[in-house]
Amino acid sequence: MQSPFDDFADDSTGTVFRDVILLALIGFVAMVIMLLPHVRKAQEETEDHRAPGNVIVEIHWPPEMPYDVDLWVRAPKDVPVGFYNQGSEYFNLLRDDLGDEADATGLNYEITYSRGIPAGEYIVNVHMYGLLPAGGEIPVKVVVSVRKQFDVARQILQTTVNLVRRNQEETAFRFRLDGEGELVEESVTTVRRRLVTVAR
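Residues numbered from 1 in each chain as written. Predicted model: local features only at pLDDT ≥ 70, side-chain atom pairs only at ≥ 80, totals over all residues. Heavy atoms only, no water.

Our next topic: the overall build of the protein. From N to C terminus, the protein includes two helices and eight strands. When the helices and strands of the protein are listed from N to C terminus, the series reads α-β-β-β-β-β-β-β-β-α. Taking all 200 residues of the protein together, the buried fraction comes to 37%. Residue pairs at least 24 apart in sequence account for 62% of intrachain contacts in the protein once pairs closer than 6 positions are excluded. (Helix = DSSP H or I, 4+ residues; strand = E, 2+ residues; numbered from the N terminus. Buried < 20%, exposed > 50% of the residue type's maximum accessible area, 1.4 Å probe, protein only. Contact = heavy atoms within 4.5 Å.)

Another point: the pattern of salt bridges. Enumeration according to the criterion identifies four salt bridges in this entry. One salt bridge connects Lys148 with Glu182, and the closest N-O pair in it is separated by 2.3 Å. Remark: Glu182 occurs in the loop between strand S8 (169-177) and helix H2 (196-199) and Lys148 occurs in the loop between strand S6 (138-146) and strand S7 (154-163); sequence separation between them is 34 residues. For Lys148, a relative accessible area of 25% corresponds to the partly exposed category. Residue classification places Glu182 among the partly exposed residues on the basis of a relative accessible area of 30%. Across the pair Glu169 and Arg194 runs a salt bridge whose closest N-O atoms are separated by 3.4 Å. With Glu169 in strand S8 and Arg194 in the loop between S8 and H2, this residue pair connects regions lying 25 residues apart in the sequence. For Glu169, a relative accessible area of 2% corresponds to the buried category. (Salt bridge = Lys/Arg side-chain N within 4 Å of Asp/Glu carboxyl O.)

Moving on, we come to the pairing of strand S2 (residues 69-74). Two faces, one strand: in a regular strand the side chains alternate between the faces of the sheet. Among the six residues that make up S2, six are buried, leaving the element largely enclosed by the rest of the structure. Burial along S2 is two-sided: Val69, Leu71 and Val73 facing one way and Asp70, Trp72 and Arg74 facing the other are all buried. Sheet topology places S2 next to strand S5 (residues 120-128); six bridges connect them, and they run antiparallel. Among the inter-strand pairings, Val69 is bridged to a residue of S5, identified as Met128. (Pairing = 2+ DSSP bridges.)

Next comes the structure, spelled out in structure tokens:
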């Protein structure tokens, strides 16, 4: 025979279970609300420091081509920056990519950043340091971006330079930036100017 207290016992167990679940849910919502300001602050800091420099010059070449290509950059009235002079008054080379040597990512790229945006002429060169197989050709993508204070980096120039022999050095861009960090349109040329020998 069923006791009249059995229904009461089942009901109290269900009530306790619902109360525990409800309290856990309220606790979770409270934690999320307390964490939101910290998440927003971290996102703002990341966006503000997305690019560590002001003039950003980068080169990329196909990952299946593990060859040693070098980026050389010269700021106005400054010395060239490349693999054996990785820093100057304005520019720093972030990494000297040797192709597949000591490369954990498999990506082929080099990148330089400037501190400040001095007005004047900039020169960007690409240099084939290592050997190429006979008849080989490496397409090197060159990108120049400018990031003014508190702004997101904005691409201003892009081209592809084809390298076909050892020690080949090509000028990808010569261009001028004005005092506001804006590209002087009629200033962009590819008139050749060696940087590798100047740096030595």
